[in-house]
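Listed below are the residues making up each chain.
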Amino acid sequence: MSGEQAPGVFVTGASGSVGAAVVAGLRERGEHAVAAVRDAESAARLPTGVEARMFEFANDPGAMRAALEGCDRLFLMRPPPIEDVEQYLFPLIDAAMVSGVRQIAFLSLQGVQHNKGVPHYRVEKYLERVGAPFTFLRPNFFMQNLSTTYRRGIRDHDEIFLPAGRAFTAFIDAHDIGAVAAAVLTSPGHLGRKYTLNGEQSLTYRNVARILTEVLGRPIRYARPSEDEYLARLADEGWPQDYIDVQRMIYRVVRLNISALPNRAVRKLTGRPATTFRQFAERERAVWER
């Protein structure tokens, strides 16, 4: 009927780095993005014209169906605090199936098919088991890890303190992941596909430190600690054991160079090249400045 709004895309995690980029990508493509937010403050930060919808993952079928009202596609990501995906994410997937959602783009992680211990593995398997119209996005390490999780070490101590050894990583910008998600949610041919998303460069952390040195104009050092030294520092800083265990697993994978291979998936899916680490560092340099 004339005047009715076209079905939208429900974007979970819309106030985060990837979710915000998904929303931006959808707007660029003239799509109606419905941003799932937890509070009014997050809603106020959304770009003008983006619909905000208060949302919490919950084992509440009615609430999950209501959240999806007017949306025929879903961008699904797991909030880091949620380990019990059966309790909190599966009900939204079930609601999407009941509501006739025609595509679910799930933000997974690289190598998930070989790592049964991570929650993303269980989400992927559930989407396959229920016959969901899925698209899996499996990104490499986010460049944003260095501007958020590891920011303080760089800003305050001029140091990257991570047990990656001499391994290479094909880092990816969260903005590029969002652009890919928007692309696959708005064009045909992506149902049932599983995309590994890497940057187009492969860098060691020594390379990363050199680029940060040049961009920031002060020496940044890659400390290259042992695994035991790194985990001991995390314990001293008061991180919980489950976080420490995940960090141990992550950097063992890194040292095996499993995350080393670049690809052109971003270029293929969006039509533009992946962001280089130097471009990212120049864009985000203020977060490391003192």
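Under an unreviewed UniProt entry, the protein has the name SDR family oxidoreductase and belongs to Microbacterium paraoxydans.

Participant: Break down the layout of surface pockets for me, with residues and values.
Facilitator: Here the second largest pocket defines a volume of roughly 360 Å³. The wall of the second largest pocket is formed by 18 residues, among which T149, Y150, R152, G153 and E237 lie closest to the centre. Secondary structure elements with two or more residues in the lining of the second largest pocket: α7 (151–157), β7 (159–160), α10 (227–236) and α11 (241–255). When its residues are assigned to classes, the lining of the second largest pocket shows eight nonpolar, five polar and five charged.

Participant: How would you sum up the environment of S259? Please name residues and give values.
Facilitator: With respect to the helices, strands and loops of the structure, S259 is situated in the loop between α11 and α12 (265–270). Between the C-alpha atom of S259 and that of E229, which follows or precedes it by 30 residues, the distance is 22 Å. Every residue in contact with S259, bar those within four places of it in the chain, is listed here: Q110, N140, F141, F168, T169, A170 and V253.

Participant: Which residues make up helix α5 (residues 90–99), and what are the values?
Facilitator: If you check which residues of α5 are buried, you get F90, P91, L92, I93, A95 and A96. At its buried positions, α5 is contacted by α3 (61–67), β4 (71–77), α4 (85–88), β5 (103–107) and α6 (119–129). Of the residues flanking the end of α5, it is G100, one or two places downstream, whose phi is positive at about 80°.

What counts and how
Residues numbered from 1 in each chain as written. Predicted model: local features only at pLDDT ≥ 70, side-chain atom pairs only at ≥ 80, totals over all residues. Heavy atoms only, no water. 1 Å grid on protein atoms, 1.4 Å probe; cavity = no way out; pocket = protein on both sides within 12 Å on 5 of 7 lines; lining within 4 Å. Points joined across faces, edges and corners; volume = space filled by probe spheres on them. Helix = DSSP H or I, 4+ residues; strand = E, 2+ residues; numbered from the N terminus. Nonpolar A, V, L, I, M, F, W, Y, C, P; charged D, E, K, R; others polar. Contact = heavy atoms within 4.5 Å. Buried < 20%, exposed > 50% of the residue type's maximum accessible area, 1.4 Å probe, protein only.

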